[in-house]
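Notes for the structure review
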Amino acid sequence: MRSDGSGNESPMPLHDLIDIGVFSGKKDEEKPLSLKKVWLTQPAQTFEIIVDQAPTRAGIDPYNKLIDRDSDDNMVDVTKR
C-alpha cells in the first residue's frame, strides 16, 4: 500500500527485493541461519528454506529496513507441523 500525506492508503503493484530470514535463539538474541533477498511479486507467497539447525523464528524484512506501520508483525515463531 502507498500512503499519502493525509494517511490515505492506496494499493500499488508489488515488485520488490526484500530480505527473508530464518533465525535460531531467543527473541532479540537470534542468530541468522539463513538471510537472503527475494523478489516479492505477490501479496501472498510461500517459501521453503532448508537450514542446518532447528529454527525458532522466521520472517520478512527481519531487520526492519523498509518503512512499515507495524514492524512487529514481520517475524513469527516457528512451530513443528
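Presented here is an overview of the structure given in this document. (Residues numbered from 1 in each chain as written. Predicted model: local features only at pLDDT ≥ 70, side-chain atom pairs only at ≥ 80, totals over all residues. Heavy atoms only, no water.)

The subject of this paragraph is the pairing of strand S3 (residues 16–24). Burial runs high along S3: 7 of the 9 residues are buried. Two elements, S3 and strand S4 (residues 31–40), share 9 bridges in a ladder whose sense is antiparallel. Bridged to Ile18 within S4 is Val38. Between the end of S3 and the start of S4, which pair antiparallel, lie 6 residues, with Gly25 showing a positive phi angle near 110°. Two strands pair when backbone bridges link them, and S3 and strand S5 (residues 57–60) are joined in this way by 4 bridges, in the antiparallel orientation. What sits directly across from Gly21, in S5, is Gly59. (Buried < 20%, exposed > 50% of the residue type's maximum accessible area, 1.4 Å probe, protein only. Helix = DSSP H or I, 4+ residues; strand = E, 2+ residues; numbered from the N terminus. Pairing = 2+ DSSP bridges.)

Once that is clear, we can look at the sheet that holds strand S6 (residues 75–77). Pairing in this open sheet of 4 strands is antiparallel, and the strands run S4-S3-S5-S6 from one edge to the other. If you trace the sheet from one side to the other, it starts and ends with S4 and S6, each paired once. Ignoring which end each strand starts from, the neighbouring axes of this sheet average 20° apart. (Axes fitted to C-alpha atoms, helices over the stretch in contact; angles between N-to-C directions.)

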